[in-house]
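Take a look at the letters that make up each chain.
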Amino acid sequence: MKRITTIVAALLFMAVQMNGQSVPFLNINADPYSHSMGGATLTLGENAFTAVNNASAMALTQNKGYIGAAYNTWQPDFQNNSNIGFAGFVKLGQKFSLGLGGKIFGYESYNIANDKGGTSGTYTPKESAFEVAGAYTISENFAAGINVRMISSDLGKDASASSVAADISVTYMKDALKLAAAVTNIGGEMDYGYGGYKLPSMAKFGANYTLDLAPENTLAFNVEGDLVMEPSAFMAAVGAEYSYNNIINVRAGYHVGDEAVIPSYGSVGIGVKFAGLNLDAAYLFGGGENSTLNGSFGIALGYRF
């Protein structure tokens, strides 16, 4: 008789699949800047996580490159999950940009049960994605990009799977306007030994417009719509960012979510840039009395060159 470990892992796996998708962590960003703007990804200001949020935007950045890393808590009052990420990119000449990124999503540990009804230790499920990104400047204001990522999911001793997925993105930027679109997580299924499960693919559209309020003062408005393919759902993000002299940035956003994917939440955040360093932080709140995202927090440190 197999150890009850298998049953526990299977139950955890089924809990994830109750949302109608495998590896839902793929749509949980590791970038605190994104969280502070309601979860938008496509048309934010440039930072290291541009490489994983929207590869095409790498080609239209002002700086030559970025590197950065982040640590996030996710559902701290519910499951105490963690989301650790890193990213970076560099522009290669006038046309090409190359980036790397990855994240490790750790779930709360559970007890391993044995045949006698006792416990023989604990198991910590985790999932990860590591990727490469490329971008090409088609014209002065327009660029295209692609991400290719390797996905790994380890939910228990007998519940693991892997797959490969890709994102395709385009970005248009002129003066104060930035527009972008992408399709994400296009790829094979995740098979844990119980049959294949589709990846959480999405079609995304975003826009950002920046107003010059006064010398060294700007206010940017950002909006994004996400069409989730599996399960069928629609989500949106709205956010605003005030910047003083491109040094101090204060942000607020709201994510219009779907309980089957990512619930609704409000967010606030701050960013500081100094001597090439970027420090970003975000805090999530609201979304309903029983929201599982209350208190989620993220912080990131990056360097631009």
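Refer to the structure printed above.
Calculation notes
- Residues numbered from 1 in each chain as written.
- Predicted model: local features only at pLDDT ≥ 70, side-chain atom pairs only at ≥ 80, totals over all residues.
- Heavy atoms only, no water.
- Phe/Tyr/Trp six-rings, centres within 6.5 Å; stacked < 30°, edge-to-face > 60°.
- Helix = DSSP H or I, 4+ residues; strand = E, 2+ residues; numbered from the N terminus.
- Buried < 20%, exposed > 50% of the residue type's maximum accessible area, 1.4 Å probe, protein only.
- Salt bridge = Lys/Arg side-chain N within 4 Å of Asp/Glu carboxyl O.

To continue, consider the packing of aromatic side chains. Inspection of every chain in the model, using the stated rule, returns 7 aromatic pairs. Seen from their ring centres, Phe25 and Phe105 are 6.3 Å apart, and the 45° between their planes marks the pair as tilted. Here Phe25, found in the loop between helix 1 (5-17) and helix 2 (32-36), pairs with Phe105, found in strand 3 (residues 96-106); they are 80 residues apart in sequence, far enough to count as distant. There is no split in this pair, since Phe25 and Phe105 are both buried. Aromatic pair Tyr303 and Phe305: ring centres 6.5 Å apart, planes at 20°, arrangement stacked. A relative accessible area of 40% means that Phe305 is categorised as partly exposed.

Now for the pattern of salt bridges. One pass over the structure, following the stated rule, counts 6 salt bridges. Here Asp154 ties to Lys126 by a salt bridge, and the two come within 3.8 Å at their closest N and O atoms. Note that Asp154 is positioned in strand 7 (residues 142-156) and Lys126 in strand 6 (residues 126-139), a separation of 28 residues in sequence. The class for Lys126 is partly exposed, based on a relative accessible area of 42%. With its nearest N and O atoms 3.0 Å apart, the salt bridge here joins Arg149 to Glu131. One end of the pair, Arg149, is in strand 7; the other, Glu131, is in strand 6, and 18 residues separate them in sequence.

Function-wise, these values are silent; they only describe arrangement.
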